[in-house]
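Structural features, examined
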Amino acid sequence: MSDDVLLAGFGAKDPRLTGAFVRRFQRVVFGIVLGVVGDAETAEEIAQQAFEHACRCADAYDVRCGPVRTWLMRITHNLAVDAVRIRRIVPVHPDGARQLVASLAPGPDQPAPGGQSTIQLRRSLAGLPDGEARAVVMAAVHGMTAREIADIEGIPLGTARSRIHAGMTHLQSLLPANRDDHE
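First things first, this report covers the structure right here in the doc.

Thresholds, definitions, all that
- Residues numbered from 1 in each chain as written.
- Predicted model: local features only at pLDDT ≥ 70, side-chain atom pairs only at ≥ 80, totals over all residues.
- Heavy atoms only, no water.
- Helix = DSSP H or I, 4+ residues; strand = E, 2+ residues; numbered from the N terminus.
- Buried < 20%, exposed > 50% of the residue type's maximum accessible area, 1.4 Å probe, protein only.
- Contact = heavy atoms within 4.5 Å.
- Areas by Shrake-Rupley, 256 points an atom, 1.4 Å probe, with all protein chains shown as cover.
- Axes fitted to C-alpha atoms, helices over the stretch in contact; angles between N-to-C directions.
- Left-handed = near helix turned anticlockwise from the far one by under 90°.
- Nonpolar A, V, L, I, M, F, W, Y, C, P; charged D, E, K, R; others polar.
- Phe/Tyr/Trp six-rings, centres within 6.5 Å; stacked < 30°, edge-to-face > 60°.
- Lys, Arg positive; Asp, Glu negative; His and termini not counted.
- Salt bridge = Lys/Arg side-chain N within 4 Å of Asp/Glu carboxyl O.
- Core = buried A, V, L, I, M, F, W, Y, C linked by side-chain atoms within 4.5 Å.

What about the overall build of the chain?
Along its length, the chain carries nine helices and zero strands. Reading the chain from its N terminus to its C terminus gives the helix and strand order α-α-α-α-α-α-α-α-α. For the chain, the proportion of its 183 residues judged to be buried stands at 40%. Considering only intrachain contacts with a sequence separation of at least 6, the fraction spanning at least 24 residues in the chain is 59%. For the chain, the computed accessible surface area is about 10400 Å², with 55% contributed by carbon and sulfur atoms.

In structure tokens, the structure reads:
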């Protein structure tokens, strides 16, 4: 099957075509990420993100912009480079979410990512369990991987991943949808 057909099936979440798409490109995607980040565990996470991004954006693929392989490699490379750029050693003491949440922005009235005011974001983060709030801030603000969060928190990798996912899901439900209230 052509790459275009596999991508269409991947975007449509067809199990057979999804498996074929991933098998066709998994080695090259992982290889690109590993070459950029230099760490196999981080490379696995970023490769997974690349496939997730490709699945979400499959319908936006335009054959006139080049082959599927080139499109996927560009996504992969960009994610890997972004990960390297934002990864930095940030000492984080796991004594509570308040200090991490306070690091989001210097002023309370500055807009935060997603159009929410910093106050709204801080309030919503304060509504999360401490472990989830720390995981969300370490991942989203400080650019840490689940492995780094697990190491800092002294928890298993799966628990770190679960906290990030649960925290993001919970946070999304707490943030007001498309409102522009400034307090």
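There is more to say after this.
Observations regarding the packing of helix 2 (residues 15–37) against helix 4 (residues 68–86)
Running from N to C, helix 2 and helix 4 point in directions that differ by 35°, and their axes come no closer than 9 Å. Between helix 2 and helix 4 the crossing geometry is right-handed. Residues Phe 21, Phe 25, Val 28, Val 29, Ile 32, Val 33, Val 36 and Val 37 of helix 2 touch helix 4, and the partners they reach there are Val 68, Arg 69, Leu 72, Met 73, Thr 76, His 77, Ala 80, Val 81 and Val 84. A breakdown of the residues in the contact of helix 2 with helix 4 according to their chemical character gives 14 nonpolar, two polar and one charged.

Some thoughts on the packing of aromatic side chains
The geometry of two aromatic rings is summed up by the distance between their centres and the angle between their planes. Per the stated rule, a full pass over the model turns up five aromatic pairs. On the numbers, 4.5 Å between centres and 15° between planes, the contact of Phe 10 with Phe 21 is stacked. Here Phe 10 is found in helix 1 (residues 3–11), whereas its partner Phe 21 is found in helix 2, with 11 residues between them in sequence. Judged by its relative accessible area of 0%, Phe 21 falls in the buried class. Clustering of aromatic rings is evident, with ring pairs tying together Phe 10, Phe 21, Phe 25 and Phe 51.

Concerning the side chain of Glu 132
Checked against the element boundaries, Glu 132 lands in helix 7 (residues 130–140). We note that Glu 132 is buried and unpaired, the nearest opposite charge coming from Arg 163 at a distance of 7.3 Å. With sequence-adjacent residues up to four places away left out, Glu 132 is seen in contact with Arg 163, Ala 166, Gly 167 and His 170.

Side note on the nonpolar core
With 19 residues, the main nonpolar core has Leu 7, Phe 21, Phe 25, Val 29 and Leu 72 as its most contacted residues. Mapped onto this core, the elements with two or more residues apiece are helix 1, helix 2, helix 3 (40–56) and helix 4. In this structure, Leu 7 is in contact with Phe 21, Ala 54, Ala 58, Tyr 61, Val 68 and Trp 71, ignoring residues within four places of it in sequence.

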